[in-house]
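Single-letter residue listing:
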Amino acid sequence: MIPVVALVGRPNVGKSTLFNRLTRTRDALVADYPGLTRDRKYGRAHLSGYEFIVVDTGGIDGTEEGIEVHMAEQSMAAIEEADVVLFLTDARSGLTASDQAIAEHLRRREKTTFVVANKVDGIDADSACAEFWALGLGEVYQMAAAQGRGVTNMIEYALAPYAEALGLVRDGDEEGEDEEEKEYTEEDAEADQKRLQDLPIKLAIIGKPNVGKSTLTNRILGEERVVVYDEPGTTRDSIYIPMERDGREYILIDTAGVRRRSKVNETVEKFSVIKTLKAVEDSNVVLLIVDAREGIAEQDLGLLGFVLNSGRALVIAVNKWDGIDQDIKDRVKSELDRRLGFIDFARIHFISALHGTGVGHLFESVQEAYESATRRVSTSMLTRIMQMAQDDHQPPMVNGRRVKLKYAHAGGYNPPIVVVHGNQVKKLPDSYKRFMMNYYRRSLKVMGTPIQVRFQDGD
Ligand code: GDP
Ligand code: GDP
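A brief report on the enclosed structure follows. (Residues numbered from 1 in each chain as written. Chains lettered and ligands numbered in written order. Predicted model: local features only at pLDDT ≥ 70, side-chain atom pairs only at ≥ 80, totals over all residues.)

## Thoughts on the site of ligand 2
Defined as follows: Being near a molecule or strand means, for a residue, that its C-beta atom, positioned from the backbone, comes within 6 Å of it. Numbering of helices and strands runs from the N terminus, with a helix taken as a DSSP run of H or I at least four residues long and a strand as a DSSP run of E at least two residues long. Note on residue classes: Ala, Val, Leu, Ile, Met, Phe, Trp, Tyr, Cys and Pro are nonpolar, Asp, Glu, Lys and Arg are charged, and everything else, Gly too, is polar.
Taken together, the neighbourhood of ligand 2 is formed by 16 residues, with Gly212, Lys213, Ser214, Thr215 and Leu354 sitting nearest. No other element matches the three residues that helix 8 (residues 213-223) contributes to the shell around ligand 2. Taken together, the residues of the shell around ligand 2 break down into five nonpolar, eight polar and three charged.

## Looking at the pairing of strand 1 (residues 4-8)
Operational definition: Our exposure labels follow a C-beta count within 10 Å of each residue's own C-beta, placed from the backbone: buried means 20 or more other C-beta atoms, exposed means 12 or fewer, and partly exposed covers the counts in between. Strand pairing is defined by DSSP finding a minimum of two bridges between the two strands.
The buried fraction of strand 1 is high, at five of five residues. Residue alternation in strand 1 divides its side chains into two sets, Val4, Ala6 and Val8 and Val5 and Leu7, and both sets are buried. As defined by bridge partners, strand 1 adjoins strand 3 (residues 50-56) across four bridges and the pair is classed as parallel. Among the inter-strand pairings, alanine 6 is bridged to a residue of strand 3, identified as valine 55. Pairing between strand 1 and strand 4 (residues 84-90): four bridges, direction parallel. The partner of leucine 7 across the bridge, within strand 4, is leucine 86.

## With respect to the site of ligand 1
Taken together, 16 residues are adjacent to ligand 1, and Gly14, Lys15, Ser16, Thr17 and Ala146 come closest. Counting residues per element, the shell around ligand 1 draws most heavily on helix 1 (residues 15-23), which supplies three residues. Among the residues making up the shell around ligand 1, the classes are represented as five nonpolar, eight polar and three charged.

## Structural notes on the nonpolar core
What counts is decided by this rule: Buried Ala, Val, Leu, Ile, Met, Phe, Trp, Tyr and Cys residues form a nonpolar core when they are connected through C-beta atoms within 7 Å. Where each domain starts and ends follows an automatic or database-derived domain assignment. The contact rule is simple: place each C-beta atom from the backbone, and if two of them lie within 7 Å, those residues are in contact.
Counting residues in each nonpolar core, the largest one holds 93 residues, and the members touching the most others are Leu287 and Leu288. Each of two domains, domain 1 (4-166) and domain 2 (189-374), supplies a minimum of three residues to this core. Once residues lying within four places of it in the same chain are set aside, the contact partners of leucine 287 are Leu203, Ala204, Ile205, Val315, Ala317 and Val366. Within the second largest apolar cluster, 20 residues are counted, among which are Val377, Leu405, Val419 and Met436.

## Some words on the environment of leucine 203
Positionally, leucine 203 belongs in strand 7 (residues 201-206). C-beta crowding within 10 Å serves as the criterion here: with 28 such atoms nearby, leucine 203 is assigned to the buried category. Counting along the chain gives 250 residues from leucine 203 to valine 453, while the straight-line C-alpha distance between them is 25 Å. Non-local contacts of leucine 203, meaning those with residues more than four positions away in its chain, are made with Tyr250, Leu252, Ile253, Ser283, Val285, Leu287 and Val366.

What follows is the structure, given as structure tokens:
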């Protein structure tokens, strides 16, 4: 399971600066969703080969009053769910009473905590940081988040022991892409494709509270043969339910905490963003549910942003489509266009979990999305498509030389990644990169998943 790192500290110490640095995506093509540039608090981080979820808890200073108390409680809830806390302080302003109050909270919670003294750039770091030892939380790590100094060290230190305990495998060096590529043949692709047939599709059902996740899960399980109904794990984890549908195996990742039917009266586990994020990470396909009666809320967009960042395949279900008037339906549809129009790859379904309307079609899209996301394509096919794209639309000149595309191969699945080799390809303008991405999308009939095209210089 992917670890969760919470950034904690009073306002202005540099949490969002660090957050942005950690979550800056490796590939601008995928991250480029202008509809979602608003503030994010949850992100998926890649650093130094590690992958983790990072949560910016917002500012807490331990002396909240009124409305602040509620916000502080939310931060505390995030801390509760985190595996590791990075407690940021400001090396320039020195130790404050708020820092002390936060440290007190963290000590009581017995969370694995690392004290970070941020903004050490341009000051005498060692002497400025010495006083933070008084927080009684052990070593003080020096960082200048704005410059990126000390960030990698800190994360490596915080996550390394964790990586082992969690069986987390480093995902290799970022630069490791130029290892020698073997030709991936049609036969290889066919054999892998066959093997995939027998793997279950991991489907995460997510959405903010009350959109109908439990109702839908029960509806699906009521209709299908449940292979085994696993006992739930800890409260912060989703329940994994193996099931079969149309001859295909699934593992439903149930974030709503639907229990055995004999236990329906048990209190439903409360909504947890982190639980949802972990479910997304662990899935092949995400089913995002929104409520037709509420329209698209900030929280929906927040979850959506995370799904997009994760690269998972996505199907959107607008639920509670029963018993609403046509004018409301029209309004919802135009709102979807306006707010979700920028996601051009996901199918949108209008369903009623309560009555079961549209649920069957939902699974057709889930299957389509899964197949698009995992489909094996040979090197020769990907190269052929690249060639056709190049013939259709020549790459522009860069530095007075025509960019030449040489060959393409698969760089990963779920999401599909195509790596295009050639000379000076990294310098291609974004418009051409986007053209290539769309060309691949159309040629491979990719639906329900984002697709990435990466460019690599040389052969
Ligand atoms: P937050 O409220 O904890 O999220 O803090 P921000 O990330 O918004 O940072 C507060 C201010 O500190 C901003 O003006 C940042 O540019 C600045 N800042 C953040 N990190 C550093 C750093 O490493 N060095 C310096 N000198 N300033 C920083
Ligand atoms: P969850 O918090 O996302 O698991 O949402 P629930 O499944 O508990 O549903 C919240 C409320 O919405 C309940 O009162 C459900 O009966 C109701 N609900 C769920 N799906 C539908 C639907 O398709 N139509 C209508 N009218 N109500 C629904």
